[in-house]
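Take a look at the letters that make up each chain.
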Amino acid sequence: MRPPYITGQYGYVHHAFPCGTLCLDFVGTLRARRHAEPLEGLATPGLLDDWFTESGMLDLPPCATDAEVTVAVRLREAIHALVSARLDARPLPAEQLAEVNLHASGPPVTVRLGPEGVLRTGSVAQGLATLAREAALLLGGDDAELLRECARPDCAQVYLDRSRGRRREWCAMRTCGNRVKAANYRARRHPTRSRPAS
């Protein structure tokens, strides 16, 4: 199922970036992951192009193909498997580790300085290589200890908890945090009509 448009600062966009960490936001392109019918944010080449430009990784769309969408989804799920293993303190699965390392060995996005500023360009493969490198550095470094999953039961988004005291509960306060707090408030006011958000 294709995700709906999201209202952003500059109008309608297809993707959300609640984490501030691109490889984790990339994993979040499969929304409502625990549902029987999750929302696929990379269902078409155009949606993959949109992700790269909306994230700010690329200034120009890479003109993805259907085959590249399949590759991108495979990398996304490999990163998800590794992140899940880190969260559960399990060994990293070998097949997914090899997938991420294969992409990480490729050339990254090209950055050029011109008269009008910085221009970031590249192919889908270069964008995926950049994401895989970021995932490798995150999962293999000290920041892996900061990985948390959103406390809203309906959300499977993972983020880095850099808050004071490591007490952040939500992937984003303006979305999941506000939904849970509003639902809990309604449940306290009308206990027979409302239940806490899931």
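Quick notes on the rules
- Residues numbered from 1 in each chain as written.
- Predicted model: local features only at pLDDT ≥ 70, side-chain atom pairs only at ≥ 80, totals over all residues.
- Heavy atoms only, no water.
- Helix = DSSP H or I, 4+ residues; strand = E, 2+ residues; numbered from the N terminus.
- Buried < 20%, exposed > 50% of the residue type's maximum accessible area, 1.4 Å probe, protein only.
- Contact = heavy atoms within 4.5 Å.
- pLDDT = per-residue confidence, 0-100.
- Axes fitted to C-alpha atoms, helices over the stretch in contact; angles between N-to-C directions.
- Parallel < 35°, antiparallel > 145°, perpendicular 65-115°, else oblique.
- Left-handed = near helix turned anticlockwise from the far one by under 90°.
- Nonpolar A, V, L, I, M, F, W, Y, C, P; charged D, E, K, R; others polar.
- Arc of directions from axis to C-beta.
- Salt bridge = Lys/Arg side-chain N within 4 Å of Asp/Glu carboxyl O.
- Pairing = 2+ DSSP bridges.
- Core = buried A, V, L, I, M, F, W, Y, C linked by side-chain atoms within 4.5 Å.

1. Structural notes on the overall build of the chain
Thought 1: Within the chain one finds six helices and eight strands.
Thought 2: Moving toward the C terminus, one meets the helices and strands of the chain in the order β-β-α-β-β-α-α-α-β-β-α-β-β-α.
Thought 3: Burial status across the chain gives 39% buried among its 198 residues.
Thought 4: Looking at the chain alone, contacts between residues at least 24 apart form 52% of all its contacts between residues at least 6 apart.

2. Some points on the confidence of the model for the chain
Thought 1: Within the chain, residue pLDDT values average 85, and 79% of them lie at 70 or more.
Thought 2: This model gives residues 4-10 a pLDDT under 50, and the stretch forms 15 contacts once residues within four places in sequence are excluded.

3. Examining the packing of helix α3 (residues 66-87) against helix α4 (residues 94-104)
Each packed pair of helices is defined by two parameters, the angle between the axes and the distance between the axes.
Thought 1: Direction vectors running N to C along α3 and α4 enclose 125°, while the axes themselves pass 8 Å from each other. In terms of axis orientation, α3 runs oblique to α4. Note on packing geometry: the crossing formed by α3 with α4 is left-handed. Between α3 and α4, the contacting residues are Val71, Arg74, Leu75, Ala78, Ile79, Ala81 and Leu82 on the first element and Gln96, Leu97, Glu99, Val100 and His103 on the second.
Thought 2: Partitioned by chemical class, the residues of the contact of α3 with α4 number eight nonpolar, two polar and two charged.

4. Focus: α4
Thought 1: What α4 keeps buried is the set Glu99, Val100, His103 and Ala104. For α4, the angular spread of the buried residues around the axis is 130°, confining them to a single face. Exposed side chains of α4 directed beyond 90 degrees from the buried face belong to Ala94, Glu95 and Leu102.
Thought 2: The inward-facing, buried residues of α4 contact α3 and α5 (124-139).

5. Thoughts on the pattern of salt bridges
Thought 1: One pass over the full model with this rule turns up eight salt bridges.
Thought 2: Notably, a salt bridge pairs arginine 76 with glutamate 40, separated by 2.6 Å at the nearest N-O pair. Taken together, the positions of arginine 76 in helix α3 and glutamate 40 in strand β4 (residues 39-40) put the pair 36 residues apart, joining distant regions of the chain. Across the pair, exposure class does not vary: arginine 76 and glutamate 40 are buried alike.
Thought 3: One salt-bridge network, in which partners are shared between bridges, spans Arg33, Glu40, Arg76 and Glu77.

6. Concerning the pairing of strand β6 (residues 117-121)
Consecutive side chains of a regular strand alternate in pointing toward one face of the sheet and then the other.
Thought 1: Alignment of strand β5 (residues 110-114) against β6, held across five bridges, turns out to be antiparallel. Looking at β6, one finds that valine 111 is bridged to arginine 120.
Thought 2: Counted along the chain from β5 to the antiparallel partner β6, the turn is two residues long.

7. Observations concerning unusual backbone geometry
Thought 1: Unusually for a residue other than glycine, cysteine 63 sits at a positive phi of about 60°.
Thought 2: Relative to the helices and strands, cysteine 63 resides in the loop between α2 (45-54) and α3.
Thought 3: Positive phi, close to 55°, is recorded for alanine 89, a residue that is not glycine.
Thought 4: Alanine 89 sits in the exposed class, given a relative accessible area of 71%.

8. Some thoughts on α2
Thought 1: Those residues of α2 lying buried are Pro45, Leu47, Leu48, Asp49, Trp51 and Phe52.
Thought 2: On the buried face of α2, the contacting elements are α1 (22-27), α3 and α5.
Thought 3: Among the residues trailing α2, glycine 56 stands out with phi positive, at a value near 85°.

9. Looking at the nonpolar core
Thought 1: Membership of the largest hydrophobic core comes to 38 residues, with the highest contact counts inside it found for Leu24, Phe26, Leu48, Phe52, Leu128, Leu131 and Leu147.
Thought 2: Those elements that place two or more of their residues in this core are α1, α2, α3, α4, α5 and β8 (158-160).
Thought 3: The residues touching leucine 128, leaving out its near neighbours within four places in the chain, are Phe26, Phe52, Val71, Ala72, Leu75 and His103.

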